[in-house]
Amino acid sequence: MIVFAFLLIALVVVVAGVTLAVAGGGSEAVLPEAEPDRLSDALPENRPVVRADIDELRLPVAPRGYRMSDVDDVLERLAAELAERDARIAELTAATAPVPAAGPADGSVDLTKAAEQ
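Draft legend 1. Local environment of the pattern of salt bridges. By the definition in use, this model includes five salt bridges. In this structure, the salt-bridge partner of glutamate 81 is arginine 85, at a minimum N-O distance of 3.5 Å. Within this pair, glutamate 81 and its partner arginine 85 are both found in helix H3 (residues 68–96), separated by four residues, close to a single helical turn. Given the relative accessible area of 12%, glutamate 81 is considered buried. When the shortest N-O distance is used, the salt bridge between arginine 88 and glutamate 91 registers 2.7 Å. Of this pair, arginine 88 and glutamate 91 both sit in helix H3, three residues apart, roughly one helical turn. For arginine 88, a relative accessible area of 44% translates into the label partly exposed. Taken together, the shared-partner salt bridges connect Glu45, Arg77, Glu81 and Arg85 into one network.

What counts and what doesn't
- Residues numbered from 1 in each chain as written.
- Predicted model: local features only at pLDDT ≥ 70, side-chain atom pairs only at ≥ 80, totals over all residues.
- Heavy atoms only, no water.
- Salt bridge = Lys/Arg side-chain N within 4 Å of Asp/Glu carboxyl O.
- Helix = DSSP H or I, 4+ residues; strand = E, 2+ residues; numbered from the N terminus.
- Buried < 20%, exposed > 50% of the residue type's maximum accessible area, 1.4 Å probe, protein only.

Below, the structure written as structure tokens:
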């Protein structure tokens, strides 16, 4: 019975202390208002995105996860840059690809030329 009374008193003291610490700031708040996270280190606008930019990127956290608008902006930027790079790679690949020799239009092999070689 004594242990129960001691635990009950300790519980009341702890609850009262936490309540006073949170709400008892008077004119000066003990727990200041938290500023909302913002995307502080956005992707560079004046040059292409590199791997280091992605490694350093930290998306702000909202109460239920990440801020959808910030994540959407980053994903749109990355998608646009990847599409641009893919188009450039395809263009360069096509420019460096060997041109096939002109042969018969039906795809058949000219045996007379093959025999001469």
